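# Chain and residue survey
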2 protein chains.
Amino acid sequence: MQKISIAIVGWGNVGRACRRAIGECSDMVLKGVVRRPSSLSFGDPELQTTKVVSDIKALGQIDVALLCIPSREVPQRIKEYQALKINTVDSYDEHQNIASLRRELDMTAKVKKTVSVFAAGWDPGTDSSVRALMKVVSLTGRTTTTFGGEQGGRSMGHTVQVKSIDGVKDAVALTLANGRGKQKRKVYVELKAGADIRKIEKEILSDSYFKSEPTEVIAVESIEPYNTLHHSAEIERTGMEVKQTYTVEGTNPEFTANVMVASARACMRAVRKEEYGVYTFIERPIIDYLPGNSPEERLEGY
Amino acid sequence: MQKISIAIVGWGNVGRACRRAIGECSDMVLKGVVRRPSSLSFGDPELQTTKVVSDIKALGQIDVALLCIPSREVPQRIKEYQALKINTVDSYDEHQNIASLRRELDMTAKVKKTVSVFAAGWDPGTDSSVRALMKVVSLTGRTTTTFGGEQGGRSMGHTVQVKSIDGVKDAVALTLANGRGKQKRKVYVELKAGADIRKIEKEILSDSYFKSEPTEVIAVESIEPYNTLHHSAEIERTGMEVKQTYTVEGTNPEFTANVMVASARACMRAVRKEEYGVYTFIERPIIDYLPGNSPEERLEGY
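Residues numbered from 1 in each chain as written. Chains lettered and ligands numbered in written order. Predicted model: local features only at pLDDT ≥ 70, side-chain atom pairs only at ≥ 80, totals over all residues. Heavy atoms only, no water.

### Here we look at the environment of Arg272 of chain B
All names here are of chain B. Assignment of secondary structure puts Arg272 in helix 7 (residues 252–272). On the basis of relative accessible area, Arg272 is assigned to the partly exposed category, the value being 43%. The spatial distance from the C-alpha of Arg272 to the C-alpha of Ile98 is 25 Å, given a sequence separation of 174 residues. Residue contacts for Arg272: discarding those within four places in its chain leaves Met1 and Ile4. (Helix = DSSP H or I, 4+ residues; strand = E, 2+ residues; numbered from the N terminus. Buried < 20%, exposed > 50% of the residue type's maximum accessible area, 1.4 Å probe, protein only. Contact = heavy atoms within 4.5 Å.)

### A closer look at the sheet that holds strand 8 (residues 153–154) of chain B
Residues and elements named next belong to chain B. Ordered in space as 8-9-10-11, the 4 strands form an open sheet in which the pairing is mixed. The two strands at the open ends of the sheet, each matched to only one other strand, are strand 8 and strand 11 (215–219). Running at roughly 155° to strand 11, helix 6 (residues 197–206) makes contact with strand 9 (168–177), strand 10 (183–191) and strand 11 of the sheet. (Pairing = 2+ DSSP bridges. Axes fitted to C-alpha atoms, helices over the stretch in contact; angles between N-to-C directions.)

### Some remarks on helix 6 (residues 156–163) of chain A
All names here are of chain A. Taking burial as the measure, the 8 residues of helix 6 include 6 buried ones, the bulk of the element. Among all positions in helix 6, only Met156, Gly157, His158, Thr159, Gln161 and Val162 are buried. Residues of helix 6 that are buried in the fold lie against helix 1 (13–23), strand 8 (153–154), strand 9 (168–177), strand 10 (183–191), helix 7 (197–206) and helix 8 (252–272).

### Let's talk about unusual backbone geometry
For the peptide bond that leads from Asp123 of chain A to Pro124 of chain A, omega is 0°, which places it in the cis range. Structurally, the position occupied by Pro124 of chain A is in the loop between strand 6 (115–118) and helix 5 (126–137). Look at Lys85 of chain B: it is not a glycine, yet its phi comes out positive at around 60°. Looking at the secondary structure, you find Lys85 of chain B in the loop between helix 2 (74–83) and strand 5 (87–90). Residue class for Lys85 of chain B comes out exposed when judged on its relative accessible area of 53%. Phi angles above zero are rare outside glycine, and Ala119 of chain B is one such case at about 60°. Within the fold, Ala119 of chain B resides in the loop between strand 6 (115–118) and helix 4 (126–137).

### Comments concerning the packing of helix 1 (residues 13–23) of chain B against helix 7 of chain B
Residues and elements named next belong to chain B. At a minimum axis distance of 8 Å, the contact between helix 1 and helix 7 shows a crossing angle of 60°. Considering the angle they form, helix 1 stands oblique to helix 7. As helix 1 packs across helix 7, the resulting crossing turns out to be right-handed. Where helix 1 approaches helix 7, its residues Asn13, Val14, Ala17, Cys18, Arg20, Ala21 and Ile22 are matched on the opposing element by Pro253, Glu254, Thr256, Ala257, Asn258, Met260 and Val261. Of the residues contributing to the contact of helix 1 with helix 7, the split by class is 9 nonpolar, 3 polar and 2 charged. (Parallel < 35°, antiparallel > 145°, perpendicular 65-115°, else oblique. Left-handed = near helix turned anticlockwise from the far one by under 90°. Nonpolar A, V, L, I, M, F, W, Y, C, P; charged D, E, K, R; others polar.)

### Some remarks on the environment of Arg72 of chain A
Residue and element names in this part refer to chain A. Within the secondary structure, Arg72 is located in the loop between strand 4 (64–67) and helix 3 (74–83). Note: C-alpha distance between Arg72 and Ser206 (134 residues apart in sequence) is 16 Å. Excluding residues within four positions of it along the chain, Arg72 makes contact with Glu94, Gln161, Asp207, Ser208 and Tyr209. Within the structure, Arg72 has its side chain in polar contact with the side chain of Gln161 (distance 3.3 Å). (Polar contact = N/O pair within 3.5 Å; in protein donor to acceptor, adjacent residues only side chain to side chain.)

The quantities given are spatial measurements derived from coordinates; they are silent on function.
Structure below.
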């Protein structure tokens, strides 16, 4: 079986973690990293042995591009890559837009004969699968997802959003449990010289990433004491006859990257079956995310 | 959208629970129950308003037959129904035979243009999906499944097997946790007059359902004090950077039935796409198990 050739697009926490995850997969090969032209010249010791380009076309034939860029740049990038007939995987994370973006992007995918596995991180992504499975086990019932626990966890999407605001030098956005199925956020911000924390706070609080949960914005000299890569979630479903819980905790970019890299496998299995389109994580069979060539191999542990 | 017409085959704990589960699904209709000819005449108040037959052909057009019969009768019954072009769902539970039976039965399904969702209960079934998802989140690591906890749970497959032994009047087989990822079994047996408990014990201990775990066989006057429908499982995966746990507990026939009924939906979605074959639970997209006509509806809560 030919190896799946991968491009990592973006070199933040998730891009780096994807490189590590690809290294664990004997069925994949990393062809290179795509970065902004302005970042190309920054020497990065991790990239000594990896081809770094500013245009994915310079990498030659790519099976799947892993979009490790800010969530809000994902839809546009999928469109650009569809035009180039490049399949993609991303961990787009704004839940409320997923169904409509999926429908919009799906039409071009079918025309251009590409596959995208969309919104395929841990949440949305594998957590979404757990929520769907829990409904299968107990059709009636109520599901809650609680992020971050008492100590809080790093929300990558939210952190990236705050960092993009004018006047912000560095930031970390933490998500903390605020009772079952509810959360609150704490955003620690290092300011650039002359920046106005009230203006930044206003911008944060009005953003769709933040406006539905209680959010505290705190200016700090250094985000270091608050910085963490740890995150966690607890999903619970209570039905009439059944109670289910799922918890996941660990280093956030690692699990996002693991899910994205496994999704590259499901992506290529769809391409081989000519099932072109844009699919959320739960729209492809779980077995397609697992390594192994034969069903027997992939049913190990079933 | 036309409703999925269902036959329940077998009228034990799971068959009864399937009827209740179908009642919750507005996209399904129960056409009747198939029982052994010897059982047809037994009046059952639950079956007053349901057609009961000994041959599925007497029910007319059926989309999916839910095979609520002893696991070991499932492969043969799938073959019979494939010949009649009837799609099936079952909760076959002998893990070690699943991959080979799937391959064997799949060939006829493709010829006869039927779909079977195979080994689609809670374990194997939804638990298998959880184990597969946990691997996606953390490719390296170790997964353990522990059944029954300290108080023990009713294993339906094992109970049915013991009840089929000559000289057994009634029985219940409990599974108890025996350290992480390990279990032991306690089998309570009511004997028929003149039956030899040592002979029955020997038969139980040599059966593939029991031979890999420590099993205690206990003759009792009445199984009533030990009888329960409760069961539970805890799945854990510990990887380098991620720890995940999933627990499910409740009334065993209820969750088996819920999964089987949801699988009828995935079965018919495969039929409509003409993707004939025999599929384990993880080989169909999770979204196909959920009710709702549009992707938008089924992506609710994604």
